[in-house]
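Descriptive analysis of the structure
As a plain string of letters, each chain reads:
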Amino acid sequence: RVPEVNTREVPKWMENHDIEAVIDGFADAARRAIGAGCDGVEINIGQHSLIRQFLSGLTNQREDSWGTDRALFARRVISAVTDAASRSNSNAIVGLRLSCDELAPWAGITPVMAPDIAADLCANESGPIDYVVVVRGSIFSVEKTRPDFHESPGFNIETCRSIRQRLDRSTA
């Protein structure tokens, strides 16, 4: 129940049945997308996503299993989506859009943490993750989610390299 930064609106506490329904919804969406002829799906664990909210210490302050293991929700969604996608089409592509720097080092996901998070999320038993898109930003850094000319060229290259290096090691 972390208040939204701009409006200070407090969101509804998700009960277990709400969480399970959302996980089922992700799987259903993947099935529908693949069934409609899409080559694959991308799971958004980026700046504005619910999955990132569960993954981050900025927004996930739960004391139940969804908070003590912040990656649990992400792993469950990834498993449900990869399973649904592969059942719909064995050649379906599944990717992750992953916020690897929330620019809030006091509690958020940092570039140092990101390679291990990416490796954990890509070690999925239901099917492979075909690609990872590295993004940055969060609720406290909305202006950074779409970099403009105020950012130096190549600002995200080192984070991308560290993710790639870690994933290459974990799949070798």
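Structure first, text after, so check above.
Below is a short write-up of the structure. (Residues numbered from 1 in each chain as written. Predicted model: local features only at pLDDT ≥ 70, side-chain atom pairs only at ≥ 80, totals over all residues. Heavy atoms only, no water.)

Counting secondary structure elements, the protein chain contains six helices and three strands. For 172 residues, the compact-globule estimate of 2.2 N^0.38 gives 16 Å, and the protein chain sits close to it at 16 Å. Across its three principal directions, the C-alpha atoms of the protein chain cover 40 × 40 × 30 Å. Considering the protein chain as a whole, with its 172 residues, one finds that 41% of them fall into the buried category. When the accessible area of the protein chain is evaluated, it comes to approximately 9800 Å², of which 51% is carbon and sulfur surface. (Helix = DSSP H or I, 4+ residues; strand = E, 2+ residues; numbered from the N terminus. Rg over C-alpha atoms; globule rule 2.2 N^0.38 Å. Buried < 20%, exposed > 50% of the residue type's maximum accessible area, 1.4 Å probe, protein only. Areas by Shrake-Rupley, 256 points an atom, 1.4 Å probe, with all protein chains shown as cover.)

Per the counting criterion, the structure on display carries three aromatic pairs. With a centroid separation of 6.5 Å and 80° between ring planes, the pair formed by Phe54 and Trp66 is classed as edge-to-face. Remark: Trp66 occurs in helix α3 (residues 65-68) and Phe54 occurs in helix α2 (residues 50-55); sequence separation between them is 12 residues. For the pair shown, Phe54 and Trp66 are each scored as buried. Both rings, one in Trp66 and one in Phe73, keep their centres 6.3 Å apart while their planes meet at 80°; by these two values the pair is edge-to-face. As far as the burial class goes, Trp66 and Phe73 line up, both buried. (Phe/Tyr/Trp six-rings, centres within 6.5 Å; stacked < 30°, edge-to-face > 60°.)

Spatial strand order, β1-β2-β3: three strands in an open sheet with parallel pairing. Lying at the two open borders of the sheet, with one neighbouring strand each, are β1 (40-45) and β3 (131-136). The sheet shows a mean angle of 20° between the axes of neighbouring strands, taken without regard to direction. Both β1 and strand β2 (residues 93-101) contribute to a ladder of six bridges, which runs parallel. Residue Val41 lies in a different strand from β2, and its bridge partner there is Val94. In the packing of helix α4 (residues 72-88) onto the sheet, the strands contacted are β1 and β2, and the crossing angle to β1 comes to about 175°. The strands that helix α5 (residues 114-122) touches are β1, β2 and β3; relative to β2, the one it contacts most, it runs at about 155°. (Pairing = 2+ DSSP bridges. Axes fitted to C-alpha atoms, helices over the stretch in contact; angles between N-to-C directions. Contact = heavy atoms within 4.5 Å.)

Functional significance is not addressed by these values, which are geometric in nature.
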